[in-house]
Every structure is written in structure tokens, then in C-alpha cells.
Amino acid sequence: LGHVRVERGLSANTVAAYRRDLAIYVDFLSRRGIHDVGEVTPTDISEYVRERSAQVARSSVARGLVSVRNLHAFAQAERMSQDNPAKEISPPKLDTRLPKALSVDEMDRLLAAPDVSEPIGVRDAALLELLYATGARVSEVCNLDLDDVVPALADEDLGLRLVGKGNKERLVPLGSYARKAVDAYLVRARPGLAEHAKVSDHALFLNQRGRRLSRQSAWAVIQAAAQKAGITTAVSPHS
């Protein structure tokens, strides 16, 4: 866990998923009387996949196998085992699903849902426009600081620099609607929100206490906008 967190730079959420997956795996091995990573065989891991497949969705089994495979790759690299017994084990085949997307009309209604006569509404409108314009993950937008955004707003040829999984940076276009919405937020709403903070926070998006907006709160903003827009289908940051 320390390796994937520090050396591979995986996010806290991904590390937490690894922790859960590996706790289940270690429990499975313990029930089979295996307490040394070097003793695990491909047969053991195949049995693990078979047992998990009877308990949870295929996608969860596949994710758990990735954690197991990376654990054994780490053990091999650290000379705790001679090989990676999970290397040739295949996850269960996933069902093919079409991506879910909102219609143009639904997207228009969603973006128009926040009440921009109130500071929080101005913030929410900027958040939604930025997510829509950049295709960024919620966590990436919540992690943005003022210094990340202000240069991009000042230069129309400059894109927004986002930091994704594994601390990988990418430059994405920032369209005029998002620029205007974020600019309005910085002028009309953020200064008032920042006044509530005991300590200055350089985050772009602030909550009502003047601190960085959390991923959970951003998710709630999207759900509230969808409800106000009268969208009855499931809405997520990805959709």
C-alpha cells in the first residue's frame, strides 16, 4: 500500500480500494492455511476468483484481481516470491454496456439549473460549466487552486492544466462558456465565501465555510442541479 501510494502516486481513493481488496484476499488465503506470499499458487488465485465471482459483480472481481496481481508483482520485485502466480489468471468477462449520456436538452437544463442570483448558485454554475467543458473528474476540479486557473482565464490560447491519476498532467481546452462562468464566480461569489475561512484557502472552489469544496459536496451539487432540472435518469459526474 505504501508502494502504490508513494512510488506510483495513486490517489487516496484508489489506495483505499486496494486496501479493501487485499484484506478480502488475505482473509481468503488465511482460510486456506496460506500465510506466506511465496506459497501462493495460480490454483489458489483461480479459486479466489471463483469464490468472489459467486459473491459480487464481475467488475468488482476484476478490480480485486488487479489489486492481487499488483501485490504479487510487488512481492516478486522485492524478492519475497520467485514469480507472480496471478500473472496468467484472467478476470471474468465483463458485460458490454453502452455509455450513458444526457441529451442536449437535459444538458442545457442542467447547466441552467443553479440560481445565479445567489453566490452559491454562481459557484455551482461555474463548477458545472467547468466539468462539462473539460471532461475532468470531480476530484480533479475540486483539487484546482486559483493559480491553476487564473492564467488560463487571462490567455484565450492557454488551456487548463489538470492533474489526474498517478499525478499525470494534461492540458485541456477551456471554452468561452466555462471561462465566463468561472470569471463570474471569481468576481461575484468567491470573495464572499473566502471571508468565512479562518485560514486562507487557495482552492478554486470553496464551500460555505470558505474551505476547499469536497468531492462529495461537488457530487451533491450535480445531483441537486439534476433534480431541479427535472432529469429523471441517473446523473453522475461522468455522464
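Residues numbered from 1 in each chain as written. Predicted model: local features only at pLDDT ≥ 70, side-chain atom pairs only at ≥ 80, totals over all residues. Heavy atoms only, no water.

Colleague: Describe the overall build of the protein chain, with residues and values.
Modeller: Helix and strand counts for the protein chain stand at 11 helices and 2 strands. The order of helices and strands in the protein chain, counted from the N terminus, is α-α-α-α-α-α-α-α-β-β-α-α-α. Relative to a compact globule of 239 residues, whose C-alpha radius of gyration would be 18 Å, the protein chain shows 22 Å and is clearly more extended. A principal-axis box enclosing the C-alpha atoms of the protein chain has dimensions of 65 × 40 × 35 Å. Looking at the protein chain as a whole, 38% of its 239 residues qualify as buried. If you sum the accessible surface of the protein chain, you get close to 14500 Å²; carbon and sulfur atoms cover 51% of it. Here the protein chain contributes 33 positive and 30 negative side-chain charges, whose respective centroids are spaced 4 Å apart. (Helix = DSSP H or I, 4+ residues; strand = E, 2+ residues; numbered from the N terminus. Rg over C-alpha atoms; globule rule 2.2 N^0.38 Å. Buried < 20%, exposed > 50% of the residue type's maximum accessible area, 1.4 Å probe, protein only. Areas by Shrake-Rupley, 256 points an atom, 1.4 Å probe, with all protein chains shown as cover. Lys, Arg positive; Asp, Glu negative; His and termini not counted. Charge placed at Lys NZ, Arg CZ, Asp CG, Glu CD.)

Colleague: Residue-level account of the environment of asparagine 167, with values.
Modeller: Tracing the sequence through the fold places asparagine 167 in the loop between β1 (160-163) and β2 (169-172). For asparagine 167, a relative accessible area of 58% gives the class exposed. Taking the C-alpha atoms as reference points, asparagine 167 and asparagine 207, separated by 40 residues in sequence, lie 25 Å from one another.

Colleague: Give me the lowdown on the pattern of salt bridges, citing residues and values where you can.
Modeller: In this structure the tally under the stated criterion is 12 salt bridges. Across the pair arginine 31 and aspartate 27 runs a salt bridge, and its minimum N-O distance is 3.2 Å. Of this pair, arginine 31 and aspartate 27 both sit in helix α2 (residues 12-31), separated by 4 residues, roughly a single helical turn. Under the relative-accessibility criterion, aspartate 27 is labelled partly exposed at 42%. (Salt bridge = Lys/Arg side-chain N within 4 Å of Asp/Glu carboxyl O.)

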